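# Fold and contact review
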Amino acid sequence: MSGAPPVCPGRFAEVVLPVPVSRSYCYQIPDRLAAGVVPGARVVVPVQRRTLVGVVRAVDVAPPPRDRAVKPIAAAPDPPSLPALSPTLLELADWISRYYGAPLGLAVRALLPGALWGVARPAGPAEGAERVVTLVGAALPSLLERERAFARAPKRRAAYEALEALGGSAPVKHLLERLKLSRAAVDGLVAQELARYAQVAQPRDPFAGLESPPPPELTADQRRVVDGIAATPADVPVLIHGVTGSGKTLVYLDVLRSVVASGQGAILLVPEIALTPQTVARVRGVFGHQVAVLHSGLSDGERADAWRALRRGERRVAVGPRSAVFAPVQRLGAIVVDEEHEPSYKQGTSPRYHAREVAQVRARLEGARVIFGSATPSLEMLHLARTGGARIFALPERIGARPLPPVEVVDLRTAPRLPSAGAIPWSEALDAAVQAALGRHEQVILLLNRRGFATYLQCPACGVVRECPRCAIALTVHQTPAALRCHYCGHEEPVPARCRACGHEVQRMRGLGTQQLEHFLGLRFPEARIARMDLDTTSTKWAHHRILERVSRREVDILLGTQMIAKGLDFPQVTVVGVVDADTALHFPDFRAGERTFQLVAQVAGRAGRGPLGGAVYVQTRAPTHHAIRAAAAHSVEAFAAEELPLRTTPHPAYPPHVGLARFLATAPAEPDAQAAAERVAGWLRRANEERLSGALTVLGPAPCPITRLQGRWRWHLLVKSADPRALGRVMRAWRALGRRVEGVTVDRDPVSLL
Ligand code: ADP
Ligand code: ZN
């Protein structure tokens, strides 16, 4: 080693690495790789003692100062004509980084599937064979039949019911290790010939085979919307505001068909792909093998394959959740965002992008059209349309002129309840409706947006509620397996026999969860076949799918579940929908609590009466006069917006959509450190506001978050509002420039949750 600095001859490239920094790095381009090192291409580069995959941002950049050693690029795996990122996607990454104040490296990383960041080619999708146990016989037995089959065999019954809840089939490992069922019980089921063991080589991908018959002719209303969109300039975003069951999907498909016919490609975003097999089937029915379905069940290798097929133009239409907004579709002609109001379009980790915003920016960069659809549009979207930023097309009626179902609001404070229901809020009105539907062999959907058995465990003597040791959150009581669980961090502990604080025996369970509702329904309607859909029953691969398939084959009489069952399902035999407790989120300390409640109740109400049998909805609530409940009962987002928008102007300063919002969140193991970090950021913001932004910002806080502790870290936050998006933009860029110098603080622009 000589002391002389190396001379830097030749050409240089600016490379972004997939790490949480915004700066880029300079590498030398060896002659042998010159052809492949183009903007957007992946390159393999040495970083300290490691080797990483990065993306070229620019070539022929100025050489670095002579005293800095510059290393050469080691490899350039992309074909020169087809770099991993197109110029527009590279620009999109820049926009995301600037707009959300996120490190450029993380924005770039979000744009490519994980396997493309590996230095070695990823191993194929081989996951090895898996031993599963599957229930025998298609139909679910009723409670009565079950009583007979499992008399004196409660463990076997528990195993049976767990399997059933999981959609009829589950890996043995999952049952024994995760659900803590005994092997003897599972073996017993097999011996009883109620279940059998099988070896599955590769879990079947249920999306691969989905296809539905050719779509019907457009109705006059749908035709009017399709023509209206065609006559709208491509750079004007479109909102299709169609009531539930108005046939929005067919409109999307028709628009996409002309896009594809003209030689372009398209992206269809759906909130959660596992919950939308019907939409996937319809898209496949129209576009067949031209579709790439980007679902969470894909292995890394399969995901990379789907990505390559799109990048090469072998597939033209990408369907997927929020990350599909980055799908490398060639000659992009349109992006459709179905159910645009869904909070799942927001990414929870950096870069905290909202696919609804990113879709608009990407469409603008690529000259593509963007179409949003919802029966319950977000107030942001309505505001955009009302201020001229988007054009609304309405589908005010259901297909076949079917009426929207009547909604009866049941006041839980006064309505007669079923005496045998005990503490469960179960009104006589809902009970009679369910009973009657079952008598007519129709299907019922019941929404309860709280999983577990009971919401919390409380000591009746001293009143102490058992909380998570890591989070300021009450632990939820679960059965199968019995445990107290934290729904925020996953902490789990046994259900205590006595109070830890005062030693009192007999602890009380309070608050209703889906498991308890299921138990109650089993007793109340012993002949009904009941399926439960929530995070606990859908944790295994394809479980959503198996449950929904059973519903569509009419092997389920009552489908109960959390918000999962409120999304887009189209089952014409469902005649009764019940919202067991509409108030679960109504009083959350979040300015969108009313909006979320409105959307959830209106959406689940829209699952009723989709067929010729008609239907009715029962909404049980203790707040029957709340505008969110009343508007949902009227299926009217206009009514909701008319009351909600004025509320968001007060207290001054306002809330979105009247202003832009960003949230800074400071966390630390010790509370004073979280507070101090939040105060430092507040000081920085207030100074910037006075010195450089002429007071365009309103800085609120810092204050403790509504959830004061999560995963062992205390949480403080502050909110920044501004009517001027450029002022917020400057804050984001200044924040990004600070880099990671502010330890433990993150920023979330346009947050969807303030908890
Ligand atoms: P939305 O998403 O607006 O709630 P869907 O797209 O699920 O509504 O459509 C509701 C139902 O109407 C579906 O079963 C669909 O197959 C059917 N449908 C849609 N368009 C037509 C049409 N033009 N003719 C007949 N049936 C239609
Ligand atoms: Zn926790």
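Residues numbered from 1 in each chain as written. Chains lettered and ligands numbered in written order. Predicted model: local features only at pLDDT ≥ 70, side-chain atom pairs only at ≥ 80, totals over all residues. Heavy atoms only, no water.

## Quick notes on the packing of aromatic side chains
Quick note on the threshold: In this scheme Phe, Tyr and Trp rings, the latter by its six-membered ring, pair at centre separations within 6.5 Å, and the angle between planes marks the pair as stacked below 30 degrees, edge-to-face above 60, and tilted otherwise. Numbered from the N terminus, helices here are DSSP runs of H or I no shorter than four residues, and strands are runs of E no shorter than two. Burial classes: relative accessible area under 20% of the type maximum marks a residue as buried, over 50% as exposed, and values in between as partly exposed (1.4 Å probe, protein chains only). By definition here, charges over rings are those cases where NZ of Lys or CZ of Arg is within 6 Å of the ring centre and within 35 degrees of the ring normal.
Counted according to the given criterion, the structure contains eleven aromatic pairs. Aromatic pair Phe598 and Phe640: ring centres 4.8 Å apart, planes at 5 degrees, arrangement stacked. Here the residue Phe598 occupies a position in helix α16 (residues 593-605), and Phe640 occupies one in helix α18 (residues 637-647), the gap between them amounting to 42 residues. Judged by relative accessible area, which is 1%, Phe640 ranks as buried. One aromatic cluster is present, formed by Trp95, Tyr99 and Tyr100 through successive ring pairs. Taking the ring centre of Tyr197 as reference, the NZ or CZ of Arg131 above it sits at 4.2 Å. Its end group placed over the ring of Trp714, Arg709 keeps NZ or CZ at 5.4 Å from the ring centre.

## Concerning the pattern of salt bridges
The criterion, for reference: Take a side-chain nitrogen of Lys or Arg and a carboxyl oxygen of Asp or Glu: if they are within 4 Å of each other, that pair is a salt bridge.
All told, the structure shown has 37 salt bridges when counted by the stated rule. Where Arg592 meets Glu380, a salt bridge forms, and the shortest distance between an N and an O atom there is 2.8 Å. Here the residue Arg592 occupies a position in the loop between β24 (574-579) and α16, and Glu380 occupies one in helix α12 (residues 379-386), the gap between them amounting to 212 residues. Comparing Arg592 with Glu380 shows no difference in burial state: the two are buried. For Arg498, the salt bridge is made with Glu505, and the minimal N-O distance between the two is 3.2 Å. A relative accessible area of 48% places Glu505 in the partly exposed class. Here the residues in one salt-bridge network are Arg451, Arg485, Glu492 and Asp536, joined through shared partners.

## With respect to the domain arrangement of the protein
Convention followed: Segmentation of the chain into domains, including their bounds, is taken from an automatic or database domain assignment. When two parts are put together, the accessible area they lose, computed with a 1.4 Å probe and summed over both, is reported as buried area. Any pair of N or O atoms that falls within 3.5 Å is considered a polar contact. Within protein, one atom must be able to donate a hydrogen and the other to accept it, and sequence-neighbouring residues count only if both atoms are side-chain atoms. Under the grouping applied here, Gly and all other residues not named as nonpolar or charged are polar, the nonpolar ones being Ala, Val, Leu, Ile, Met, Phe, Trp, Tyr, Cys and Pro and the charged ones Asp, Glu, Lys and Arg.
Assigned domains within the protein: domain 1 (12-117), domain 2 (129-201), domain 3 (220-400), domain 4 (402-451 + 513-647), domain 5 (455-510) and domain 6 (660-749). Placing a centre on the C-alpha atoms of domain 4 and another on those of domain 5 gives a separation of 27 Å. Of the roughly 500 Å² buried between domain 4 and domain 5, counting both surfaces, carbon and sulfur atoms make up 35%. Taken as a group, Arg450, Arg451 and Gln515 account for 76% of the area that domain 4 buries against domain 5, more than any other trio of residues on that side. Here domain 4 is connected to domain 5 by one salt bridge. Arg485 is paired through a salt bridge with Asp536; the nearest N and O atoms lie 3.3 Å apart. Across the contact surface, domain 4 and domain 5 share three residue pairs in polar contact (both at pLDDT 80 or more). Grouping the amino acids of the side of domain 4 that touches domain 5 by side-chain chemistry returns no nonpolar, one polar and three charged.

## A short note on the packing of helix α1 (residues 87-100) against helix α11 (residues 355-366)
In plain terms, the rule: Only the contacting stretch of a helix is used when fitting its axis, a line to C-alpha atoms as for every element, and angles between N-to-C directions run 0 to 180 degrees. Any angle that falls under 35 degrees is termed roughly parallel, while one over 145 is termed roughly antiparallel, one within 65 to 115 roughly perpendicular, and all others oblique. Crossing chirality is assigned from the near helix's rotation relative to the far helix, an anticlockwise turn below a right angle marking it left-handed and a clockwise turn marking it right-handed. Contacts: residue pairs with any heavy atoms within 4.5 Å of one another.
Closest axis-to-axis distance for the α1/α11 pair is 10 Å, and the angle between their directions is 140 degrees. As judged from the angle between their axes, α1 and α11 are oblique. Here α1 runs over α11; the crossing is right-handed. Along its contact with α1, which presents Thr88, Leu89, Glu91, Leu92, Trp95, Ile96 and Tyr100, the element α11 presents Glu357, Val358, Val361, Arg362, Leu365 and Glu366. Tallied by class, residues from the contact of α1 with α11 come to eight nonpolar, one polar and four charged.

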